[in-house]
Amino acid sequence: MSSAQGISLAEHDLAVTHPSLHDMHVLKHRDMFSVFHVSGDIPTDADTPAGLFANDTRILSRWRFLLHGARLKFLSGGLDRNGLVMASHVTNYAFTDRQGHPIVENAISVNREKFIHNETLYERVTLANHGMTETVFNVSLRFGSDFKDIFEVRGMQRSKKGVHYDTFCGVDYCLTTYSGLDGHDRYCQIRFSRRPELMSLNEAVFQVTLAPKEEWELICRVSAVKEDLPEQNYGLALAHAREDLEGKTRKWLQVHTDNEFFDSWLDASCKAVSLLVTDMPTGPYPYAGIPWFSVPFGRDGIITALQVLPFNPDIARGVLMYLAENQATDYVDFREAEPGRILHETRKGEMAFTGEVPFQKYYGSVDSTPLFIMLAGAYHETCDDRDFIGRLMPSLRAAQRWLEKDGSRGGDGFTRYACHSENGLFTQGWKDSHDSVFHADGRIAEPPIALCEVQGYTYAAYKTMADLLDLVGDTHEAGHLRARAKALYDKFNDVFWDEQMGGYVMALDAHGQPCRVRSSNVGHLLYCGIVPEDRAECVVRMLTGPEFFSGWGIRTIGTNEARYSPLSYHNGSVWPHDTSIIAAGFARYGYYAEAAQILQALYQTAQNVGRMLLPELICGFQKMRDDGVVLYPTACLPQAWSSAAGFMALSAALGLRSRNGKLDAARAAPVEGLFQTLELWNGSEKVFPV
């Protein structure tokens, strides 16, 4: 597309042909993740998002287990309760073995368990003979590496590619090398615990002899390095992986209620966020989601940190440190970089390094910068960490300057965005599909665009920054920002409020014309406190009415809008993170019962989804008595801000706040239909109620 239009690679328009990710399971550690079919294989379909990925490159695109040259019959599969180990159980169809003996169906069980640790995929295959006679047969693993960039996997076409220049097979391993157009070599190394009878460039064949009731085991290890992997026992590596995850979850407050299923939901959510958290030199950072967004995103990381702040403030500190270190310092149109602007995303794949996409370090989001300031203020309120805020102050001041200068590009005092990169994002709010900002008749709004919720973020950022400047003694600048916040408050409520609609418009286009569309964006206004008290009830009633509340959560736009579709990525679907922010907005204005209604909806959604985890989004169909959730086919699972949504909604339902390390709540613990008692524990110490 032209630079005036840009692209919207953060949406899933490129993935519409992919089979449902709900037939897949994901694993992750650090910068490696995998997407396997529930059977344990990586399908060979070119359109599938399955594979083993390292640093945004698919190093393993084919992985298929065969017994005597034939496919196996699927029995069951899934992830363990920690989301750490994937298990698949399959068995044989009838075949004739190498000795000419007929082997009946279901005689051989095959159990496959896999996990990732230290950026190595481990798989243990265990075969057992449940028949009455000895059998001799072959098993084989067929594998392949296409070294596709993540954006290729999602559907982008490339005119040129690098080359596979070397594949070497040893007695028990295979090493494939790809030389990218960015000058970097990438590798896929596969090693086996047994020596194959036959080893080729894409297959390892083993001869198996099994007496009745006997078992046979094979360990496979796949990595993205050239060097010989240090030998590590499967069980020892798994123990270390469990210790790593447990170390992360121990940092969270534990939730205990009289509803064990509710507790299980939040426990699963905690583990999902922890699985996505990657330890950076700057501290913990939650990668956004798998498979498409398993990298640091500014907006997603900030919102995730805000959602779980009372339960694990370490994440907020890590997010703030990482984003401060990667804050833009110069103007680079290709990357949408402007001094003080906070990162949108960063990538390590070949297409990012060659410049085919601008996302090596990309700054094209309008909201990451004010949200960065908001998170700093919320973190300080929670932890009273003045020394940290002092060290962060240069980055905070730079973010403030961006809001006052480049962020206010329209000259009307509103924070606006417009794409300046040929391959950048056309839409730069959280609803970043190309068609997500439109007029009442469905026309796409022309940038530079002022989104309503972004004005709320900016208002909150000015107020927050004023408080932080008071901490360091800059009262003059603090006064200036409070005056600026007040002016924005007044002008916003004058310009964005539409009497005919009886609510706030979604956005203003380049010509100052309002997008008279009812959207969930207005719930974020409540969260930021920019809505006058006498208008709050109108916003709450709209969002809890049938046009928005589906029973599973709150739709992104109302059902009567021109572009509404329950199957749309951003125009009528339900996003758990969006719903949870709205719940927090309800609580800010004292609508705790409505916040509790949202908490219950998210809980019921989780109950209807595998492993009680909230996906990135669900379809916006109305909840019916006998129907379950309609899943969005290419939604990421897990997704950090979706997994964190339950914590923000719980805080909202209770009016829970953390100040200077102490928790308090605005309302009593019982939430009708969910629990009667609630306690929060920090290890063996009860911290709420006290």
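Residues numbered from 1 in each chain as written. Predicted model: local features only at pLDDT ≥ 70, side-chain atom pairs only at ≥ 80, totals over all residues. Heavy atoms only, no water.

A.B. asks: It is not clear to me how the layout of surface pockets should be interpreted in this structure. Could you clarify?
C.D. replies: Unoccupied space between atoms shows up once a probe the size of one water molecule is rolled over them. Approximately 1,000 Å³ is the volume attributed to the largest pocket. Residues belonging to the lining of the largest pocket are distributed by class as follows: 17 nonpolar, nine polar and six charged. (1 Å grid on protein atoms, 1.4 Å probe; cavity = no way out; pocket = protein on both sides within 12 Å on 5 of 7 lines; lining within 4 Å. Points joined across faces, edges and corners; volume = space filled by probe spheres on them. Nonpolar A, V, L, I, M, F, W, Y, C, P; charged D, E, K, R; others polar.)

A.B. asks: Teacher, can you tell me more about helix α2 (residues 234-249) here?
C.D. replies: Owing to its 3.6 residues per turn, the α-helix aligns residues three or four sequence positions apart on the same side. Compared with the 22 Å implied by 1.5 Å per residue over 16 residues, the 23 Å span of α2 between its first and last C-alpha is a close match. Taken as a whole, α2 has its buried residues at Tyr234, Ala237, Leu238, Ala241, Leu245, Lys248 and Thr249. All buried residues of α2 lie within an arc of 115 degrees about the axis, which places them on one face of the element. Where the residues of α2 are buried, they touch β10 (108-117), β11 (120-129), β19 (215-223), β20 (254-257), α3 (260-276) and β21 (277-280). Structurally, the start of α2 carries an N-cap: the backbone nitrogen of Gly235 is 2.7 Å from a side-chain oxygen of Asn233. (Helix = DSSP H or I, 4+ residues; strand = E, 2+ residues; numbered from the N terminus. Expected span 1.5 Å × (residues − 1). Buried < 20%, exposed > 50% of the residue type's maximum accessible area, 1.4 Å probe, protein only. Arc of directions from axis to C-beta. Contact = heavy atoms within 4.5 Å. Polar contact = N/O pair within 3.5 Å; in protein donor to acceptor, adjacent residues only side chain to side chain.)

A.B. asks: How should I be thinking about the sheet that holds strand β32 (residues 678-682) in this particular structure?
C.D. replies: Within a sheet, adjacent strands bond to each other through the backbone by hydrogen bonds, running parallel or antiparallel. The strand order β20-β32-β33 describes an open sheet built from three strands, whose pairing is antiparallel. Where the open sheet ends on each side, the last strands, each with one partner, are β20 and β33 (685-688). Mean inter-strand twist for the sheet, computed between neighbouring axes without regard to direction, equals 40 degrees. As judged from the three bridges shared by β32 and β33, these two strands associate in the antiparallel manner. Within β33, the position partnered with Trp681 by the bridge is Lys686. (Pairing = 2+ DSSP bridges. Axes fitted to C-alpha atoms, helices over the stretch in contact; angles between N-to-C directions.)

A.B. asks: Just checking my understanding: could you explain the packing of aromatic side chains for this structure?
C.D. replies: This model, assessed by the stated rule, comprises 29 aromatic pairs. For the ring pair Phe147 and Tyr178, a centre distance of 5.4 Å and an interplane angle of 10 degrees mean the geometry is stacked. Remark: Tyr178 occurs in strand β15 (residues 173-179) and Phe147 occurs in the loop between β12 (135-144) and β13 (148-149); sequence separation between them is 31 residues. The two residues Phe147 and Tyr178 agree in class, both being buried. Centre to centre, the rings of Trp497 and Tyr504 are 4.9 Å apart; their planes meet at 80 degrees, and the pair counts as edge-to-face. With a relative accessible area of 13%, Trp497 lands in the buried category. Among the aromatic residues, those joined into a cluster by ring pairs are Phe414, Phe492, Phe496, Trp497 and Tyr504. Here the guanidinium or amino end of Lys491 rests over the ring plane of Phe414, the centre of that ring lying 5.3 Å away. (Phe/Tyr/Trp six-rings, centres within 6.5 Å; stacked < 30°, edge-to-face > 60°. Lys NZ or Arg CZ within 6 Å of the ring centre and 35° of its normal.)

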